[in-house]
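# Observations on the model geometry
Okay, here's what each chain looks like letter by letter:
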Amino acid sequence: MNDTAKKYWEDYWQGKEKPSTVTAWAFGVEADHLARLVMDGVKTATCSSREAYRIESEPLPKKEDHSIILNSSDEPVAIIKTTNVDIVPFNEVSEEFARAEGEGNRSYQYWWDAHVKFFNEEAEELGYEFSEDMDVVCERFQLIHVNPD
């Protein structure tokens, strides 16, 4: 986590009981646009391939986790708290979840097409094989704070 994100985290929790851990990250594609959707309350969910967590030796998200959302310049723009995590096959992600991701026209077809493209590109980059029945980590979150800076 960079110094700007650390300062934002510390300043936000000053005088309040602070969670013991936090991660800071940006969305993989269109980081600024997706961060804006979070800040506007449109995007309340995201999904990732379970295989990417394994390959990158990253722990899976869990309920009550806090995250600092970064923009494409690695500047902190918001704090979110994970409210639910489910692991499901890609082809079993619900239309309701796809809508909660808040992207495009918010249709299931848009979500499907965008995520097939994303996961195929990620699979090639990380060295795994995309399949429609691969496990994805479906994370729901609530917006805690928007950075006024």
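The structure we're discussing is the one just above.
The numbering scheme is per chain: residues are counted from 1 as the chain's sequence reads. For this predicted model, a pLDDT threshold of at least 70 governs which residues receive local features, and a threshold of 80 or more governs which side-chain atom pairs are given and counted, while totals over whole chains, interfaces and linings are taken from all residues. Heavy atoms throughout the structure, all of them, feed into the side-chain values; hydrogens and water do not.

## Concerning the environment of Trp13
Position of Trp13 relative to the elements: it lies in helix H1 (residues 3–13). Relative accessibility decides the category of a residue: with a 1.4 Å probe and only protein chains considered, values under 20% of the type maximum give buried, values over 50% give exposed, and everything between is partly exposed. By relative accessible area, Trp13 is classed as buried at 12%. Sequence separation between Trp13 and Val116 is 103 residues; the distance between their C-alpha atoms is 38 Å. In this structure Trp13 touches Lys18, Pro19 and His66, once residues within four positions along its chain are discounted. By definition, any uninterrupted DSSP run of H or I lasting at least four residues is a helix, any uninterrupted run of E lasting at least two residues is a strand, and each is numbered from the N terminus. Contacts between residues were defined by any pair of non-hydrogen atoms, one from each residue, lying within 4.5 Å.

## Some words on the pattern of salt bridges
Here, a salt bridge means any Lys or Arg side-chain nitrogen found within 4 Å of an Asp or Glu carboxyl oxygen. Applying the stated criterion across every chain, the model contains 10 salt bridges. Of the charged contacts in the structure, one is a salt bridge between Asp11 and Lys7, with a shortest N-O distance of 2.6 Å. Here Asp11 pairs with Lys7, and both are found in helix H1, just 4 residues apart, close to one helical turn. Between Arg140 and Glu96 there is a salt bridge, and its shortest N-O distance comes to 2.4 Å. Placement of the pair is Arg140 in strand S5 (residues 135–146) and Glu96 in helix H4 (residues 95–100), with a sequence separation of 44 residues.

## Considerations on the packing of aromatic side chains
A pair of Phe, Tyr and Trp rings is counted when the ring centres sit within 6.5 Å of each other, with Trp represented by its six-membered ring. The angle between the planes then sorts it: under 30 degrees is stacked, over 60 is edge-to-face, the rest tilted. For the structure on display, the rule yields 10 aromatic pairs. A centroid spacing of 5.2 Å and a plane angle of 20 degrees characterise the contact between Phe90 and Trp111, whose relative ring orientation is stacked. Pair noted here: Phe90 is in the loop between strand S4 (76–89) and H4 and Trp111 is in helix H5 (residues 108–126), with a separation of 21 residues, a long-range link. There is no split in this pair, since Phe90 and Trp111 are both buried. Geometrically, the ring pair formed by Phe90 and Trp112 is tilted, given 4.7 Å between the ring centres and 40 degrees between the ring planes. Here Trp112 lies in helix H5 and Phe90 lies in the loop between S4 and H4, a separation of 22 residues in the sequence. Neither residue differs from the other here; Phe90 and Trp112 are each classed as buried. Taking NZ or CZ as reference, Lys16 lies 3.7 Å from the ring centre of Tyr12, over its face. A cation sits over an aromatic face here: Lys16 above Trp13, 5.8 Å from the ring centre. Over a ring means this: the NZ of a Lys or the CZ of an Arg is within 6 Å of the ring centre and within 35 degrees of the ring normal.

## A short note on H5
How far a helix is expected to stretch is found by multiplying one less than its residue total by 1.5 Å. The end-to-end C-alpha distance of H5, which contains 19 residues, comes to 26 Å, matching closely the 27 Å that a straight helix rising 1.5 Å per residue would cover. Considered for burial, the residues of H5 that qualify are Trp111, Trp112, His115, Phe119, Glu122 and Ala123. Buried positions in H5, seen along its axis, are confined to an arc of 110 degrees and lie on one side of it. Exposed side chains of H5 directed beyond 90 degrees from the buried face belong to Lys117, Glu124 and Glu125. If you follow the buried residues of H5, they end up packed against strand S2 (45–49), helix H3 (50–55), H4 and S5. Note on H5: the residue one or two positions beyond its end, Gly127, has a positive phi of about 85 degrees. Here the arc refers to the directions that run from the helix axis out to each C-beta atom.

## Points about unusual backbone geometry
Peptide bonds are mostly trans, and most non-glycine residues show a negative phi. The phi angle at Glu64 is positive, at roughly 80 degrees, despite the residue not being glycine. Within the fold, Glu64 resides in the loop between H3 and strand S3 (66–70). Unlike most non-glycine residues, Arg106 shows phi in positive territory, near 65 degrees. Its location among the elements puts Arg106 in the loop between H4 and H5.

## What to know about the pairing of S3
Counting buried positions along S3 yields 5 of 5 residues, so the element is predominantly enclosed. The alternating pattern of S3 places His66, Ile68 and Leu70 and Ser67 and Ile69 on opposite faces, both of which are buried. One requirement defines pairing of two strands: DSSP has to find at least two bridges between them. Two strands pair when backbone bridges link them, and strand S1 (residues 23–25) and S3 are joined in this way by 3 bridges, in the parallel orientation. Of the residues in S3, the one forming a bridge with Ala24 is Ile68. Pairing geometry for S3 and S4, over 5 bridges, is antiparallel. Bridging from a neighbouring strand, Leu70 pairs with Pro76 of S4. The turn joining S3 and S4, which pair antiparallel and follow one another in sequence, is formed by 5 residues; a positive phi near 60 degrees is taken by Asp74.

What is shown is where atoms sit, not what they do.
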